[in-house]
Amino acid sequence: MTPRKTTDRLLGEMRRAYDLVEQRRADEAVNVYREIVAEARKVGLDSAHLHWAFAVACDYSGESPPPRSGSRADSASRARPAAGRRDAPRTPTCGCARTWRRSRACTVRRCS
């Protein structure tokens, strides 16, 4: 099957699944989205919209969507430490935040 025909068929199935969600038949839509995601993976397609629509259908049906393995967000979350940046300066708790942003130093004596 040509790439164009495959894409058109997948888009048609996505429309059908969307209509099922609109008709409040989310359980059926989840099954259709599962098939679409599996086929899209086989042909090498990765669509954020498809995963979003699948997650919406799962939300309506009460299921939890499967995690997206291999996504950029997934690999980025594993690469960075959860604690955040350690070199970031603390924001002052007094009212001098505007001055502090420019100079990275507190200009109010009560802050020191």
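The shown structure was predicted, so the numbers you read here are calculated from the model rather than taken from an experiment.

A. Examining the overall build of the protein more closely. Scanning the protein for helices and strands turns up five helices and zero strands. The N-to-C order of helical and strand elements in the protein reads α-α-α-α-α. Across the 112 residues that make up the protein, the buried fraction comes to 23%. Pairs at least 24 residues apart make up 30% of the contacts formed inside the protein by residues separated by at least 6 positions. Here the protein displays about 9,000 Å² of accessible surface, and carbon together with sulfur accounts for 49% of that area.

B. Just the pattern of salt bridges, in detail. For the coordinates displayed, the defined rule picks out five salt bridges. Note that Asp8 and Arg4 form a salt bridge whose closest N and O atoms lie 3.4 Å from each other. With Asp8 and Arg4 both in helix α1 (residues 3-22), this residue pair falls four residues apart, about one helical turn. Taking relative accessible area as the criterion, Asp8 reaches 39% and is therefore assigned partly exposed. Judged by its relative accessible area of 62%, Arg4 falls in the exposed class. Across the pair Arg25 and Glu28 runs a salt bridge, and its minimum N-O distance is 2.8 Å.

C. Seen up close, the nonpolar core. Residues Ala29, Tyr33, Ile36, Leu50, Phe54 and Ala57 are the most contacted members of the largest nonpolar core, which totals 17 residues. Within the residue set of this core, elements represented by two or more residues are α1, α2 (26-43) and α3 (48-61). Take this core: its biggest share by element is seven residues, from α2.

D. Representation of the packing of α2 against α3 in the model. Running from amino to carboxyl end, α2 crosses α3 at an angle of 155 degrees, the nearest separation of the two axes being 9 Å. In terms of their interaxial angle, α2 and α3 are classed as roughly antiparallel. Both α2 and α3 take part in a crossing whose hand is left-handed. Contacts between α2 and α3 involve Ala26, Asp27, Ala29, Val30, Tyr33, Arg34, Ile36, Val37, Ala40 and Arg41 from the former and Leu50, His51, Ala53, Phe54, Ala57, Cys58, Tyr60 and Ser61 from the latter. Its residues placed into classes, the contact of α2 with α3 shows 13 nonpolar, two polar and three charged.

E. Spotlight on the environment of Glu63. Here Glu63 lies in the loop between α3 and α4 (72-79). When its relative accessible area of 32% is taken as the criterion, Glu63 is described as partly exposed. Glu63 sits 37 residues away from Ala26 along the chain, and the two C-alpha atoms are 9.9 Å apart. Each residue touching Glu63, except ones within four places of it in the same chain, is listed here: Val30, Arg34 and Cys58. At 2.7 Å, the side chain of Glu63 forms a polar contact with the side chain of Arg34.

Calculation rules
Residues numbered from 1 in each chain as written. Predicted model: local features only at pLDDT ≥ 70, side-chain atom pairs only at ≥ 80, totals over all residues. Heavy atoms only, no water. Helix = DSSP H or I, 4+ residues; strand = E, 2+ residues; numbered from the N terminus. Buried < 20%, exposed > 50% of the residue type's maximum accessible area, 1.4 Å probe, protein only. Contact = heavy atoms within 4.5 Å. Areas by Shrake-Rupley, 256 points an atom, 1.4 Å probe, with all protein chains shown as cover. Salt bridge = Lys/Arg side-chain N within 4 Å of Asp/Glu carboxyl O. Core = buried A, V, L, I, M, F, W, Y, C linked by side-chain atoms within 4.5 Å. Axes fitted to C-alpha atoms, helices over the stretch in contact; angles between N-to-C directions. Parallel < 35°, antiparallel > 145°, perpendicular 65-115°, else oblique. Left-handed = near helix turned anticlockwise from the far one by under 90°. Nonpolar A, V, L, I, M, F, W, Y, C, P; charged D, E, K, R; others polar. Polar contact = N/O pair within 3.5 Å; in protein donor to acceptor, adjacent residues only side chain to side chain.

Remember, this is a structural readout, not a statement about activity or role.
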